[in-house]
Every structure is written in C-alpha cells, then in structure tokens.
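Now for the letters of each chain:
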Amino acid sequence: MDKHYDAKAAEAKWYPFWENNGCFHDEPGSGEKYSVVIPPPNVTGILHMGHALNQTIQDILVRWRRMQGKNTLWLPGTDHAGIATQNVVEKALKKEGKRRQDLGREAFLDRVWEWKKQYGGTIVHQQRMLGNSTDWARERFTFDEGCSKAVIKVFKQLFDEGLIYKGNYIVNWCPRCGTALANDEVEHEPNHGHFWYVRYPVVDSDKGVNGQPYKDYVMVATTRPETLPGDTAVAVNPKDERYAHLLGKKVILPLTGRQIPVIADDYVDREFGTGIVKITPAHDPNDFLVGKRHALEEINIMNGDGTMNELAGQKYVGMDRFKCREAIVADLEAGGYLDHIEDLDNQVGHCYRCHEVVESRLSKQWFVKMEPLAKPAIEAVKSGEVKFVPERWSKIYFNWMENIQDWCISRQLWWGHRIPAYTLREDVGIGEAKVKGEEELVFVAESAEEALEQAKAKTGNASLTLADLEQDPDVLDTWFSSWLWPFSTLGWPEKTKDLEYYYPTSDLVTAQDIIFFWVARMMMAGIHFMGKPPFKNIVIHGIVRAADGSKMSKSKGNSLDPLELIDMYSADALRFSIALITSLDCDTKVNKEKFEIGRNFTTKIWNAARFLEMNTPAEGFGEISGELTADEKHILLATDKACKKLQSILENYRIQDGALAVYDFFWTQICDWYVEYAKDAPNKTRAFAILRDVFYKALRLLHPYMPFVTEEVAHQLGYLKDGQSIMRETYPLGYCEEEKAKWGLTEEIYDFVEKKREAITALRALRAEYKVTPATFVNVTIATDDVRASGEVDSLKKAMRAANVEFVSSGSDLPMPSKMTKFGTVYLSLEGLVDKAAESKRIATELQKLAGFIKSSEAKLANENFVAHAPEAVVAEARRKLEENKEKVAQLEKLAKLFA
RNA sequence: GGGCUAUUAGCUCAGUUGGUUAGAGCGCUUCCUUGACAUGGAAGAGGUCAGUGGUUCGAAUCCACUAUAGCCCACCA
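Residues numbered from 1 in each chain as written. Chains lettered and ligands numbered in written order. Predicted model: local features only at pLDDT ≥ 70, side-chain atom pairs only at ≥ 80, totals over all residues. Heavy atoms only, no water.

## A word on the sheet that holds strand β28 (residues 818-820)
(1) Moving on: If you walk across this open sheet you meet the four strands as β27-β26-β29-β28, and the pairing is mixed. Each of the sheet's edge strands pairs with one partner strand only, and the pair in question is β27 (802-808) and β28. Ignoring which end each strand starts from, the neighbouring axes of this sheet average 20° apart.
(2) Moving on: When strand β26 (residues 778-783) meets strand β29 (residues 825-828), the two strands line up antiparallel, connected through four bridges. Within β29, the position partnered with V780 by the bridge is L828.
(3) Moving on: Most of the contacts of helix α26 (residues 793-800) go to β27, to which it runs at about 130°, and overall it touches β26, β27 and β29. (Pairing = 2+ DSSP bridges. Helix = DSSP H or I, 4+ residues; strand = E, 2+ residues; numbered from the N terminus. Axes fitted to C-alpha atoms, helices over the stretch in contact; angles between N-to-C directions. Contact = heavy atoms within 4.5 Å.)

This is the structure:
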C-alpha cells in the first residue's frame, strides 16, 4: 500500500465501477424492500451544503439497508423549477438583447429545453462526487413525459371531483417574474417605511363651506399611497364611537374627486393608525375580503409589470408603482390633503425567487381546495401510520394542516406544465349554446381532442374544431408536479411493478424548510391518488449554517462549497464530518476546519490498514486458534458490541451517534489499544489474524459513512477480489453465540480488560505527574486480589514501560504515590527526584476534593429514603465508592507525610 | 399576535425511559519523532448543566415561571 491515501484516485475509480456494475440498481424482488425518493434538487441548482447533508444522511441509510440484504432503491431526479429555470434562460436571452416575448412561447420553450440539455446535468454530476448510491437508471425529471402525464391526470381528476376551481382572487404577484405566487413563496422582511396621513374630505352638502360640498375631513393613514386611486371605501370599526357619526356618509377620494362610502367592518383595528382605513379591494388581501363583504367595486389600477394603468388616472399611466408613490404623495401635498408623515417599521413581502417587492393583485387563478385533502393526511400522522423523526415536527405539521388554505396553483409562466383547461375562442361565439349561470365554459381534459368532444357535447355544436379551442395560457406551480414525486416516478398512472413493489416508500429525508411546500402536499397526494401515504417515516434534519449561525448565502460570502471540500479533504471526509457534527434535532454550524475530522480519520484508517498489511504473512493467516489472551478476547467483544450498537443506532436514525460510535471503535478500541497490544503480543500471528477479522467488520460498519476509502482498503487488503464490492457485502451483526463460546468471549473478560486499562492509564498519569521520562523503566506494584492479574504481567510491563510489575494483596499499604483503580491500587516506585513542596501542595488539594465527595456520599447513605428507594446496585455502588474514597484519603495522608 | 425550539467546558455539540464524581471533537498546557500514522501518541487543565421555584430519597434530565437567542406561521392598514 502507498504511504499516502489518494482519495481522488479512489473516488475516480470506484464511483464509475459501482455505477457500471449495477451496484446502485435494484429491481422489484420478493424480499423486504427499502425505498427512498430523493428530494429533487432544482435543475438549475448547484450542489450546496444543504444537499451534502441531506444526501449524506440518505446515502448512509440506503447503503446500510442495502448491506442488510434488502431490495434497496434510491431514486434520483431533478425538479424543473418553473420560475428559477425560466429566470435563468431569460437572463441569458437578455444578454442577447431579447425578451421571451420576442421569441414567442414555442421557441422560448425550445430554448429552455436546450438549456436543460446543456446545463441541467450539473447537479446530477455533482451528486456523483458525493458518492450517492442512487439508481441512475431510474433518474426522473418533474417535467419528463411520465411525470407530465401524471400531472395532467391529477388536474383532471381533482377538477372532476370539484377540488379544483377557478376564481377571481387577490393573489401575491411578482411584477418582475410576472406571475402569481403562492402564499408561502412570499418572504416577509422587515422594512423601514412610512405612514402617510391623508385627509379625505367628508361629503356633507348641507353643511358645506366656502362653496365646497364638505367642511371636514377624515384622517386615513396608509403605507401605500400609490394604491389610493383604487380605493372604493374607507372603513371604521363598528364599535368605534369616535366615527359612528360618519357611517352612511361619503368621502371624497383625493386627486380623483370620486365619492366613496364610509363603511363599518370588524377588520379595522381601533387602536392602529387613525382607526380609519382606506379600502382598496383590488390591491390588498384584507381589503379584498372587506370588499366582498360590502359588495364594493374592485378597481385594478396596476399592470402586471408593476406600472400603473389608466384606471389610476391619466397622469400616472405607465408610471412605475414606486415612482407613482412619489408622484401621488407630491400631489397630495400640493392639494393640501397630506397631513403628515410618520416612520413606520412593517413587513414587506418579497418574491422568494427574485426578491422583488410583491404586490397584491386581483386576477383569475386556479385553486385547489385543500381541506378535504388535508384531513386524511392529518389522520395518517395522528394514527402513527406515518412518523416524523424527530417526532416534534408532527406538531408543526398539524399546526399548518389544521389551518390550511386553498392553494393557488396557476402561474403566469411559460416553463411548466400547461394547465389542461380549454375555452372556446371568443370569435367562435358560443351564442345560444352558452349554458345558464356559467360565466365561462371551461373544458378540463387530458388532451385537446378530449376537450373538443366535451365542447361539442356541451354546446351542441358538432362542427367545432381544435382550432376553435384555446388552452389556458398559464402553467402549474412547480410543486404541483413535486407533490406526486413518490408515485409519478414509479410509473403512475400506469400500474407498474415498480409502483406495486416500491410504493409506499420507506423513508423521506428532507430539511425542515420544505415541510409545508412539499412534505405535507406529498402526504395529501399520496393518500388521495394512491390510497396510501407515500412514506412510512419522515426524517427531518436541520439546516447547515455558517459558523456564526447565519444562513449561508453566496452574497454574504459565508458559504462553503461541498465540491471544494471534496477537493480539499475528500468526499469521505465531507460525508463523515457532516454526519458526525450534525444532530437531527437542530441546525448545524460549520466551518472549514470541522471537515479535518473526516480527513484525519481517513488517514488513520489508511495507516492502520498499512500496518495490518505489513504484518500479514505472505501465505495469509490461518484459523484463529489456541487460548486467546484477555486483550484478544476484548477486541472481539468490542467489535461485537460496536456491530450491535450501530444496528440499533441506525434503526433509530441516529446518524450522528453512529458516526461517533464507529469513530470511537476504530480509533480508540482498534488503533489506540488493540494495535498497540498486537505489536508486542505473545502470539503475534494470532493477534494480527484477529485484527484482520475485526478490521473487515470495522470497514463494513464504516462503509455507509465512508464508501470510497472502505472500498479501496477492502481491496488493498484482499478482503475482496476484483469485480466485487464492499457495497454488496453484508453489514456485520457481530459474533454468533458459537464463536463466542469457541473463543471464550464473556462479559467478565471484557470488564477485566477495561479495568486493566484503567490501571495502565493510572500508571501513565503517575509517570506524567512525577515527570518520569518515557525512557525510564519504572517499578510498579499493584495491590489486587484478582487472580487473573498475574497473567497480565507481560502486557502490563509493556504498556506501563515498567522494568517490573509486582502484585501484593489488596489490603497492602505502601508508602508510594498511587492511584486507585477498579483493577487495584497502582503504586509507582519513585527512584528519581521529586519536588516535595509541589507534591505536598497537590496532595492537599486532592484531599480537599475527596473530603467533599466523602461528605456528600455519607450524607446520601445516611438518608434512609435513599437506602430504601434507590435500586440496590446504586446503593452498593455508593457504598463502594465511599470506601474507595476513604482509602484514597488514607493513602494520600500517608504520602503527604512522605513529602512533608 | 399564534406556534415550535434552544440555553451543558474557550468554541461546536452529545448526554436514550430521572440513578456512580456530567462526556466527545476542536482549541489550550506539558511531554514524546529510527515506531502504521505529528492529518500522530501519552497525560492534563477547564463546567455551581441560563435563572428561580416545585415534584422526588435523588434533577442537566420531569413540571411551572423568568431571562436570552433562534425558527416557523399569521399579520398592522
């Protein structure tokens, strides 16, 4: 083996090997299955730390289950990401000086597909760098043919069930993207704004003054004066006596001269502002609802691009909304309507994609009725059929689901699944065929032909042709395809073998930030269309944050690039480190240095492997035979324990604990203790034969965390032949009862060796305390009655660097520095010089500390309740401890005299 | 305003149903390179577990309140 591990070479070698040899692939079988669908990253995306965490967790689970022998499928794919992708292509077009409108819909979509072909594979390649064992043969795209078919079918079914409707609604509108946004696509951010106090004259023709039909004003405060031309009322709280006299009167809308009513509505907060609100139904969601209640006119004064239209008044037409705000404020001031301006901190919504300030806008949109879908999805979690890991996320889920609102699914984009709804062209003239009470004839169908048949039937006009139909120009929200991901990717609506075998999937692993966007909606879709929730467990992990706890973002320059970390430290290092430092329960703060843990561990594994190789005879090892030493038994037991521990840890998704356990097992148990023992073992060949066995178990335990180095080492050490892969080896379960009996592996032996190590550590500490150089061989005496101790003289001498190790009975009391251990009291014979004063002082401190312990244990044991209620073992332990401490005190006091 | 979570060593975090003198990694201190590995080894210092009160024989752990921080949802015109 080379002196240094070449991670890059191993990664370049093994990933293609796995992929080309079908190591990631799975087909429906007859046994137990484990299936996971990846949260599809945006096709425009590049790999970030969030993906690295998310996918490392999944790959650990997937590789582990696969090694358990389950039929394991991890299905990869990407999301077409409507707005994001369209934006990217539009940006590219802009460089050519073109807009998408210049190309037209068809040509623009061709451009997007072209872009996807060229650049859409980026993240998919990057995922390979991580070592993801996804079944690439099954890679899917939310906008591929199969997924699109599923989307259309779902739309039609929901429409037929009355769960999809079209409505004139106030929606969040991004003027830059030119599309509606769902509520959760709007990010509210604090804003330092202003509160403009505006006087609206009260119409009071009887009492007019100076020839004007009014004599006083009402004071209205607004943060968005540009919407003023769209006002159709002012409202006060019905219980507000201050303004009771105004009810039923009208006020004059400044700058327009329009008269609008004063109405009463509970929505108005008496305490806020002036207690009088201008109502602009077309430009504010609350005002919209007020308008509905009072049958107010809805005046839309803004264009889709955020400029004002003619309804805003001639003067403002074509003006940008913020320019218009300034203009209107100036005009109000000039007209004497502006009373004063106050600073106001409020929240303003921004587009989650482009960060533009979002407008509320009245428009025709498609909606899904969510409540009927949510109910069974709530039940599935309440009943325990689907579990959140950690469990607490179910509370968040319930909170959202129980207050669910209808989902606006139409987007005014071109890139996405076009809404399968058709209307008759205006010039066709529905004429007498127009069905009573319907504003608009809409035909929802899986194809234009089907829609045509519907149109013919409904209108009775058999001569209609496809040319008479117009498809809704809007596309569907990207999540409308993502929510079908767990079954659309398995072939739905066809009844495929894959669907039957792999659905429902086993685990879904995702970050907390898309529980609503995605997880909850998948639950609803899975139950509604498949009759079963789409997964058994929802594993939620935190978000990767920068070292200071802030969110990573490119603009802040505080983000880490996983690819850079892979380049610097290796993929295994990235994976292991992130697994080790991430707890499922909270967000993870990372900095570059943390990834050294994984890099160092990789080096340690490599070097240990090299050492094993050096000590492997050319002819190999035979059977492990003869009476094993205590240390040999110990490592076998430690291995057994590690295997069992990993098993239960991974069953419970405790990825971090698993990393810690395997790290400790490998580093502490194997390298620090057992390898040190093996170097000087009485039967070196056997000691290394055991190491060889243990080492391979360790490699397999590690494999899900560090796939590359474990594969490389397994081959280097000859555990596997060419063409084989550790991926397909079994995950070790530990040693069977037969082996344990054969080798004499008992808990007593394990504990005995643990105690022996305690004695060794104690002696080393004594050496350090008394500044005994490593080159000095010391004389050690151990006071113990353990009959097994004498068998350990040689190993103790080596570990303690002792010229002699003697045993005396446990009652003995020697005038030498000592430490108490469970093995016995360890005495170090001091032949060299010792700083008596310093030693005396140290002893005094130690005595003080012990006195405290003794006091508290005596108090505890004197407590009748403790003795009566605590388990026997606990009481016995307390007694033992007390005795031990008392003994220590006696020792120290003796020693103190020695140094006095 | 509604909900959720956190607060343990200088830093980042473990601590599984309450039970020995609360742990790990990094950092720090001392010592150690012909040794598989200095990306290493040995030893060590460092914590009244945010605060107050309660339950209990016993609390980092359970309960209540307070403080601080963070997240999510809804929002003030």
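Still more to cover.
## Observations concerning the environment of L181
(1) Moving on: Mapped onto the secondary structure, L181 falls in strand β6 (residues 179-181).
(2) Moving on: A C-alpha to C-alpha distance of 35 Å links L181 and D339, two positions 158 residues apart in sequence.
(3) Moving on: Those residues within four positions of L181 in sequence are excluded, and the remaining contacts are I83, N172, C174, V186, C351, V358 and R411.

## Focus on the side chain of D331
(1) Moving on: Looking at the secondary structure, you find D331 in helix α9 (residues 321-334).
(2) Moving on: Discounting chain neighbours no more than four positions away, the residues touching D331 are L255, K315 and Y316.

## Observations concerning the sheet that holds β6
(1) Moving on: Spatially, β6-β5-β14-β16 is the arrangement adopted by the four strands of the open sheet, whose pairing is antiparallel. On the outer flanks of this sheet lie β6 and β16 (407-408), each paired with one strand and no other.
(2) Moving on: Note that strand β5 (residues 164-174) and β6 share three bridges and pair antiparallel. If you follow C174 over to β6, its bridge partner there is T179.
(3) Moving on: Against the sheet, helix α8 (residues 285-293) contacts β5 and β14 (359-368), and its axis sits at roughly 140° relative to β5.

## Here we look at the protein's contact with RNA strand B
(1) Moving on: Taken together, 62 residues lie around RNA strand B, and F272, N286, T603, W667 and N865 are the ones closest in.
(2) Moving on: A distance of 3.0 Å is found between a sugar or linking oxygen of RNA strand B and a side-chain nitrogen or oxygen belonging to N607.
(3) Moving on: A distance of 3.3 Å separates a base nitrogen of RNA strand B from a polar atom in the side chain of E676.
(4) Moving on: Looking at which element gives the most residues to the surface near RNA strand B, the answer is helix α19 (residues 596-614), with ten residues.
(5) Moving on: Class assignment of the residues belonging to the surface near RNA strand B gives a composition of 23 nonpolar, 18 polar and 21 charged. (Near = heavy atom within 4 Å. Polar contact = N/O pair within 3.5 Å; in protein donor to acceptor, adjacent residues only side chain to side chain. Nonpolar A, V, L, I, M, F, W, Y, C, P; charged D, E, K, R; others polar.)

## A few points about the packing of aromatic side chains
(1) Moving on: Applying the stated criterion across every chain yields a total of 43 aromatic pairs.
(2) Moving on: Aromatic pair F601 and F666: ring centres 5.8 Å apart, planes at 80°, arrangement edge-to-face. Linking F601 in helix α19 with F666 in helix α21 (residues 655-679), this pair joins segments that are 65 residues apart in sequence.
(3) Moving on: Taking relative accessible area as the criterion, F601 reaches 0% and is therefore assigned buried.
(4) Moving on: The rings of F155, F159, W366, W407, F480, W483, F487, W492, Y503 and F529 are connected pair by pair, giving a single aromatic cluster.
(5) Moving on: Cation over ring: K116 sits above F141, and NZ or CZ is 4.1 Å from the ring centre.
(6) Moving on: Positioned over the ring face of F398 is K382, at 4.7 Å from the centre of the ring. (Phe/Tyr/Trp six-rings, centres within 6.5 Å; stacked < 30°, edge-to-face > 60°. Buried < 20%, exposed > 50% of the residue type's maximum accessible area, 1.4 Å probe, protein only. Lys NZ or Arg CZ within 6 Å of the ring centre and 35° of its normal.)

## Description of the pairing of β14
(1) Moving on: Among the ten residues in β14, nine count as buried, and that is most of the element.
(2) Moving on: In this sheet, β14 lies alongside β5 in antiparallel orientation, the contact comprising ten bridges. Looking across to β14, one finds that K166 is bridged to W366.
(3) Moving on: Relative to β16, β14 is paired through two bridges, and the arrangement is antiparallel.

## Considering the pattern of salt bridges
Pairing between side chains becomes possible if they bear opposite charge and their charged atoms approach one another.
(1) Moving on: By the definition in use, this model includes 44 salt bridges.
(2) Moving on: Residue E90 pairs with R100 through a salt bridge whose shortest N-O separation is 3.4 Å. Here R100 lies in helix α4 (residues 100-103) and E90 lies in helix α3 (residues 82-95), a separation of ten residues in the sequence.
(3) Moving on: Judged by relative accessible area, which is 10%, R100 ranks as buried.
(4) Moving on: Ionic pairing is found between D472 and K166, a salt bridge with its closest N-O pair at 3.8 Å. Of this pair, D472 sits in the loop between β20 (469-471) and β21 (475-476) while K166 sits in strand β5, placing them 306 residues apart in sequence.
(5) Moving on: Because the salt bridges share partners, they merge into one network encompassing R224, D284, R321, E356 and E359. (Salt bridge = Lys/Arg side-chain N within 4 Å of Asp/Glu carboxyl O.)

## So, the nonpolar core
(1) Moving on: Within the largest apolar cluster, 108 residues are counted, with the highest numbers of intra-cluster contacts made by F666, F695 and Y705.
(2) Moving on: Counting residues in hydrophobic clusters, the runner-up holds 61 residues, among them A380, W492, W518 and A520. (Core = buried A, V, L, I, M, F, W, Y, C linked by side-chain atoms within 4.5 Å.)

## Digging into the side chain of R361
(1) Moving on: Mapped onto the elements of the fold, R361 is located in strand β14.
(2) Moving on: D305 is the oppositely charged side chain nearest to the buried, salt-bridge-free R361, at an N-O distance of 7.6 Å.
(3) Moving on: If sequence neighbours within four positions are ignored, R361 has contacts with Y169, I170, V171, W173, A282, N300, M302, N303 and G304. (Lys, Arg positive; Asp, Glu negative; His and termini not counted.)

## Remarks on the pairing of strand β11 (residues 259-264)
(1) Moving on: Judged from the three bridges that link them, strand β9 (residues 233-236) and β11 form a sheet pairing that is parallel. Each residue of the ladder has a partner; that of A235, found in β11, is I263.
(2) Moving on: Pairing of strand β10 (residues 250-252) with β11, which is carried by three bridges, proceeds in the antiparallel orientation. In the strand pairing of β11, K250 is matched with P261.
(3) Moving on: Connecting the antiparallel pair β10 and β11 is a turn made up of six residues, with L255 showing a positive phi of about 70°.

## Section: the environment of P707
(1) Moving on: Within the element layout of this structure, P707 appears in helix α23 (residues 707-716).
(2) Moving on: We classify P707 as buried; its relative accessible area is 0%.
(3) Moving on: In this structure the C-alpha to C-alpha distance between P707 and A571, which are 136 residues apart in sequence, comes to 8.8 Å.
(4) Moving on: Residue contacts for P707: discarding those within four places in its chain leaves W18, R63, D572 and R575.

## Brief notes about the packing of α21 against helix α22 (residues 684-702)
(1) Moving on: Between α21 and α22, the shortest axis-to-axis distance is 11 Å and the interhelical angle comes to 170°. In terms of orientation, α21 and α22 fall into the roughly antiparallel class. Along its contact with α21, which presents V662, F665, F666, I670, Y674, V675, Y677, A678 and K679, the element α22 presents K684, A687, F688, I690, L691, V694, F695, A698, L701 and L702. (Parallel < 35°, antiparallel > 145°, perpendicular 65-115°, else oblique.)

Scope: geometric values only; no functional claims are made or implied.
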